[in-house]
Amino acid sequence: MSRTLTLFTAAVFALAASAASAMTLKTADTAAGKTFVDAKGMTLYTFDKDAGGKSMCNGPCATNWPPLAAAADAKPTADMTIVTRDDGSKMWAYKGKPLYTFAKDMKPGDTTGDGFLNGAWHIAKP
């Protein structure tokens, strides 16, 4: 019985670790319409200067626009891909567009970054 329980527990931990490395985007209704959000419900954004599956938001930019971090063992699924940043860290992208939050969004549903920098930042929409 204890061997079965041990095997069951190991299987549960393996599934949990696998689930943690996969990303499924959630959506929320905001004043700007339906948008993708992170696990905390914060609005996700894309940046027009990102191209070719590469993030162009580094250094101070990434302080204001934190990348949606991916674990080192994360695996792409369907429309969710992984981008390697200039510093070697990994981040999630939707259909090749890197995803970010905005430091000035204070609570779930905020969309203060939409249109920022002469319209270069956009809420990420399904």
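Our subject is the structure that appears above.
Computed from a predicted structure; not experimentally measured.

**Section: the sheet that holds strand β4 (residues 80-84)**
In step 1: What the three strands build is an open sheet, ordered β4-β5-β6; its pairing is antiparallel. The open sheet terminates on both sides in strands that have one partner only, identified here as β4 and β6 (97-98).
In step 2: Pairing of β4 with strand β5 (residues 90-94), which is carried by five bridges, proceeds in the antiparallel orientation. Counterpart to I82 in the pairing with β5 is W92.

**Things to note about the pattern of salt bridges**
In step 1: As enumerated under the stated definition, the model contains three salt bridges in all.
In step 2: Residue K34 pairs with D29 through a salt bridge whose shortest N-O separation is 3.2 Å.
In step 3: Exposure remark for K34: the relative accessible area of 41% places this residue in the partly exposed category.
In step 4: When the shortest N-O distance is used, the salt bridge between D86 and K54 registers 2.4 Å. In this pair, D86 sits in the loop between β4 and β5 while K54 sits in the loop between β3 (45-47) and α2 (60-64), placing the two residues 32 residues apart along the sequence.

**Some thoughts on the packing of aromatic side chains**
In step 1: Going through the model one piece at a time under the given rule, you end up with nine aromatic pairs.
In step 2: Between Y45 and F102 the ring centres are 6.2 Å apart and the planes differ by 75 degrees, which places this aromatic pair in the edge-to-face class. Highlighted residues: Y45 in strand β3 and F102 in the loop between β6 and α3 (116-119), separated in sequence by 57 residues. Per residue, the accessibility class of Y45 equals that of F102, and both read buried.
In step 3: Their ring planes at 85 degrees and their centres at 5.0 Å tell us that Y100 and W121 sit as a pair that is edge-to-face. Of this pair, Y100 sits in the loop between β6 and α3 while W121 sits in strand β7 (residues 121-123), and the two are 21 residues apart along the sequence.
In step 4: Since its relative accessible area comes to 0%, Y100 is described here as buried.
In step 5: With a relative accessible area of 1%, W121 lands in the buried category.
In step 6: Taken together through their ring pairs, the aromatic side chains of Y45, F47, W65, Y100, F102, F116 and W121 make up a single cluster.

Reading the values: rules and limits
- Residues numbered from 1 in each chain as written.
- Predicted model: local features only at pLDDT ≥ 70, side-chain atom pairs only at ≥ 80, totals over all residues.
- Heavy atoms only, no water.
- Pairing = 2+ DSSP bridges.
- Helix = DSSP H or I, 4+ residues; strand = E, 2+ residues; numbered from the N terminus.
- Salt bridge = Lys/Arg side-chain N within 4 Å of Asp/Glu carboxyl O.
- Buried < 20%, exposed > 50% of the residue type's maximum accessible area, 1.4 Å probe, protein only.
- Phe/Tyr/Trp six-rings, centres within 6.5 Å; stacked < 30°, edge-to-face > 60°.

Taken by themselves, the reported measurements are silent on function.
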